[in-house]
Structures are given as structure tokens and as C-alpha cells.
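Coordinate analysis (summary)
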Amino acid sequence: MAASSNSSLSGSSVSSDAEEYQPPIWKSYLYQLQQEAPRPKRIVCPREVENRPKYYGREFHGIISREQADEILAGVEGAYILRESQRQPGCYTLALRFGNQTLNYRLFYDGKHFVGEKRFESIHDLVTDGLITLYIETKASEYISKMTTNPIYEHIGYATLLREKVSRRLSRTKNETRKASVTSEENTPVEKITSLVRRAALTQNDNHFNYEKAHNFKVHTFRGPHWCEYCANFMWGLIAQGVRCSDCGLNVHKQCSKYVPNDCQPDLKRIKRVYCCDLTTLVKAHNTPRPMVVDSCIREIEARGLKSEGLYRVSGFTEHIEDVKMAFDRDGDKADISASIYPDINIIAGALKLYFRDLPIPVITYDTYSKFIEAAKIANPDERLEAIHEVLMLLPAAHYETLRYLMIHLKKVTLHEKENFMNAENLGIVFGPTLMRPPEDSTLATLNDMRYQKLIVQLLIENEDVLF
């Protein structure tokens, strides 16, 4: 089936300015099919039907058989009626004419109308969307099955053209470490470039920390024509045509989302808060190796609090800690946590611990939790450290870097044990349940694992120079 694979709704000319560059990639074949799809034709019942549900209109024909429905709809493509089942009174069916046959769908209502996953405000919208889907999937089933085989997302020439437009002088430096792979390039404004181009440009931006991150896709309803940024094909239908990454804004078909690499580049404008935000999402949005909350709090604590008695064990006022949290959520890295605002260093220490507790995925992730616990149970000290090191390598890069930086800091805290009375064991008691939580929300499991949580953090502090 021939497809217009290189047509564009955005124009085919390429401007010399990166800001105005609009790639001629969008494929219009499926869009054309949607325009050709049959339009819904409501067949009104000629008589008044008793006991008609209040959420149905005159298209409701009462209790009739499939054969009667077929006679009513015969020869009218896109025609539809609603009927009550003869076999199951109280159950309703959408009878729809498509492809010279009558199709029957069990119909439901819970405030919106639906026959599958999608929910519609009106029967008319449901039928419109259904006819579009049926028509496109009938006419282009082979085409749809092959949409993901040659995605624009991985088009090498396209990315190369972008780099030439964004910067004429490209210099790339690599600093290969366990924590990050950093590339640098002369910065050029690219705000007006399409979102697909913008993501490609981000990979070349100065000091961009390329931690791997999966996209956070959610079903989305697009207003007006929209094209998939993976396969470049039209996203058909009236509602829920595809999915959108809530962190970076990538728009793709649901079936294409399975093939998109874990290369999400979160957009800072989409990050609503700092606390309770996924760790990797936050660092990529702020383009930092670690969450800026961690850097800011540790910097403040090391400047004026290392000798504070009971550091991290003594609690600050909860209201003041919440104020610090709100300041970070509101102002980001511009939040003022200086001594003039918060003279009690325990407030800053409390805010740091709260940040770790609020993470949706702990610093020591759910996936690695049981492996750390098993490593802690090993009796031989050398074998235990080796096992812990192996599990550390399984942490996502941003989690690893955050944990490494925190352990270096806590080691500094222990060097002032004579003044602050906080050794590695005491800090393990404080940070064990803060940095690692069992995947299942079980009080018994938490109690049973507490001594191992404490031991893991204690060993990480004492051996940070060996383990990281």
C-alpha cells in the first residue's frame, strides 16, 4: 500500500536559522485515511420508547433482536442505533454498520460512554472514533504493523542535520566515568525548534549529564492533528490517540512507546515540584549530577554544622523543615537556606532527610533492596564488601552518584565524632530506613530488616573510598 512518506504539514524548505528549522518528516497517509472514514449516521427510532435510559437519545430502539437491528441499518455505511438485549434485559448494545455488515458492541456507561478503554462524553463521539479506527485498521493494517520498523527517531541523517543547524563549531569531549557521560558543545538557543529536534539538541548541550531515564508515558488526548514523534505517522482518532511523556513531552503512538529508548530529557517547565519527584527526573531536568537539594543542604551543613551535637539525630522543628521543603519546591536552586533564615542547622539536616524519605523510588532502589539485605547477611567481611560493591553497580547512575556523594559527606561527619557524637553506626541507624525501603509495604519486613539497613549504611560510610 503506497504511503506519502515524505509529505509535510510544516513546509519543506529548510531555513538557515536553527530556530526556524522545521524538518519535512511527517507522514500524512493515515491522516488522509481519517479524512476518508465514514461519518456516523444516527438512525432515530420512529416511536417513543418506554423506559429509555436517560443518558441515551432517540437512537435508542428498545428491546430488538440482532436481525431487526441489521434490517434497520442495512445499506447505510456508518449508521448506528442502540438497543437493549433480548437475552439480557438491562444490558445495552451499540449496533454499527461498517464494511457492509452490522457490528454489535456491548455498551457501558459510568458517567461516560464506552465499549473498550476509551470513554466518551457522547455516543456520537464514540461512534465517530470507532469508525475512524475501524476504517484505518481495515485499510492500512499492513502499513500500521510496519510503522515502527524505520523510525524517524533513529534517523542518523536527521540528527546530523540538526547538529549542523544548531552549531557550526561542534566540539565533543567525553569524560567516561561510572557516574555520567558528559558531552559539550557551544550553546545556541533552540526554543522554537520542534520538540523532536529539541531532544536531539539536548544530547549535545554543554555539561549534559546523560543518565539513562525511561519516559513517563501517560495516555493523552490531543487537540487537533498530531503526529507521532517516533514513527512520524499521524495519531488517529478523536481521543486518547497516543501517549505523552509527562516529563519531557514526547508524543508517540501507544504501540511506538514500547520501542522508544530510555533517553528521556525532562523539561524543567514540566517539573512541578522538587520533593516527591523521581530522582533521575529531577537531576536531568536541572542538568546536574545530583539533586540540587542534596548539594545545597550538604554544602550548608558542612559550612556550619559538622560539629553540631547529634547532627542528623536531633530533629529540627517540623514546621521549619516544611518551610525549607516549600522553598525548594518554589524556588529550586535559588532557595535561601542560609543561617540568617534558618540558624538551626538541624532544620537543614531534617530537610535533607525528608527529601530522601519523600522519593517515590528510594536512593537504594526497590529493585536492589533484597540484594543489599542478602549482602549484609554475609559473615565474611571481605566477601560482604565485594557483594555490596556488586549490588552498587546495579543502581541507576543518578542514584549511584547521589549515594556516593552522601557517603563522602557522612564520612566527614564521622571525622568530627568527638564534637557531634555521630559515628558510622549512629548514622546508619538514622539513614538506613531513610535510604532504603522494602518493596512491599510490610511492617514486619521493615522491622526484620532494620539491623541490616543500619549495617549497609554503616559499611558504606566506613568503606566509601573502597566501595565507590
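Scroll up for the structure.
Notes on the structure in this doc start here. What you see is a predicted model, and the numbers here were worked out from it, not measured in a lab.

Turning our eyes to something else, we now look at the overall build of the chain. For the chain, the count of helices and strands is 17 helices and 11 strands. With 468 residues in all, the chain has 50% of them scored as buried. Relative to all contacts within the chain whose residues are 6 or more apart in sequence, the contacts with residues 24 or more apart total 62%. Looking at the chain as shown, the accessible area adds up to about 23,100 Å², and 48% of this sits on carbon and sulfur atoms.

Another aspect to go through is the sheet that holds strand 11 (residues 251-252). Spatially, 9-10-11 is the arrangement adopted by the three strands of the open sheet, whose pairing is antiparallel. Each end of this open sheet is capped by a strand with a single partner; those strands are strand 9 (217-220) and strand 11. Here strand 10 (residues 242-245) runs beside strand 11; their pairing, made up of two bridges, is antiparallel. Across the sheet, the residue bridging to Arg244 is Asn251, located in strand 11.

Bringing the layout of surface pockets into the picture now. Put simply, the largest pocket is a space of about 680 Å³. Surrounding the largest pocket, 25 residues form its lining, Lys118, Asp129, Thr133, Glu137 and Ala240 being those nearest its centre. Among the elements of the structure, strand 4 (92-98), helix 3 (123-139) and strand 10 are those that each provide at least two residues to the lining of the largest pocket. Examining the composition of the lining of the largest pocket, we find that seven residues originate from one element, helix 3, more than from any other. Split into classes, the residues belonging to the lining of the largest pocket amount to 13 nonpolar, seven polar and five charged. For the lining of the largest pocket, the two domains that each supply at least three residues are domain 1 (34-146) and domain 2 (151-160 + 211-270).

To continue, consider unusual backbone geometry. One non-glycine residue, Ala232, lies in the positive phi region at around 75°. With respect to the secondary-structure elements, Ala232 resides in the loop between strand 9 and strand 10. Its relative accessible area of 0% is what places Ala232 among the buried residues. Residues other than glycine seldom take positive phi values, yet Phe421 does so here, at roughly 60°. With respect to the helices, strands and loops of the structure, Phe421 is situated in the loop between helix 14 (417-420) and helix 15 (424-435). Taking the relative accessible area as the measure of exposure, Phe421 reaches 45% and is therefore partly exposed.

Let's shift gears to the packing of aromatic side chains. This structure, assessed with the given rule, holds 15 aromatic pairs. Each ring, one from Tyr31 and one from Trp227, has its centre 5.7 Å from the other, and the planes form 40°; the classification is tilted. Here Trp227 lies in the loop between strand 9 and strand 10 and Tyr31 lies in helix 1 (residues 29-36), a separation of 196 residues in the sequence. Since its relative accessible area comes to 25%, Tyr31 is described here as partly exposed. Judged by its relative accessible area of 9%, Trp227 is buried. Note on Tyr31 and Phe234: the rings are 5.1 Å apart at their centroids and 80° apart in plane angle, and the pair reads as edge-to-face.

Once that is clear, we can look at the nonpolar core. One finds Tyr312, Phe328, Phe356 and Phe431 to be the most contacted residues of the largest nonpolar core, which totals 70 residues. Of all the elements, helix 10 (residues 345-358) adds the most residues to this core, at nine residues. If sequence neighbours within four positions are ignored, Phe356 has contacts with Val294, Val363, Thr402, Leu406, Phe431, Thr434, Leu435 and Arg437. Counting residues in each nonpolar core, the second largest holds 50 residues, with Met147, Phe222, Trp227 and Phe234 among its members.

Look at helix 13 (residues 397-414): 26 Å from first C-alpha to last across 18 residues, which is about the 26 Å you get at 1.5 Å a residue. Counting buried positions over the 18 residues of helix 13 gives 13, a clear majority of the element.

Using the criterion set out here, one finds 19 salt bridges in the structure. Note that Asp295 and Arg290 form a salt bridge whose closest N and O atoms lie 2.7 Å from each other. Just as Asp295 is buried, Arg290 falls in that class too. One salt-bridge network, in which partners are shared between bridges, spans Arg290, Asp295, Glu401 and Arg404.

Here is what the cut-offs are and how they apply
Residues numbered from 1 in each chain as written. Predicted model: local features only at pLDDT ≥ 70, side-chain atom pairs only at ≥ 80, totals over all residues. Heavy atoms only, no water. Helix = DSSP H or I, 4+ residues; strand = E, 2+ residues; numbered from the N terminus. Buried < 20%, exposed > 50% of the residue type's maximum accessible area, 1.4 Å probe, protein only. Contact = heavy atoms within 4.5 Å. Areas by Shrake-Rupley, 256 points an atom, 1.4 Å probe, with all protein chains shown as cover. Pairing = 2+ DSSP bridges. 1 Å grid on protein atoms, 1.4 Å probe; cavity = no way out; pocket = protein on both sides within 12 Å on 5 of 7 lines; lining within 4 Å. Points joined across faces, edges and corners; volume = space filled by probe spheres on them. Nonpolar A, V, L, I, M, F, W, Y, C, P; charged D, E, K, R; others polar. Domains from an automatic or database assignment. Phe/Tyr/Trp six-rings, centres within 6.5 Å; stacked < 30°, edge-to-face > 60°. Core = buried A, V, L, I, M, F, W, Y, C linked by side-chain atoms within 4.5 Å. Expected span 1.5 Å × (residues − 1). Salt bridge = Lys/Arg side-chain N within 4 Å of Asp/Glu carboxyl O.

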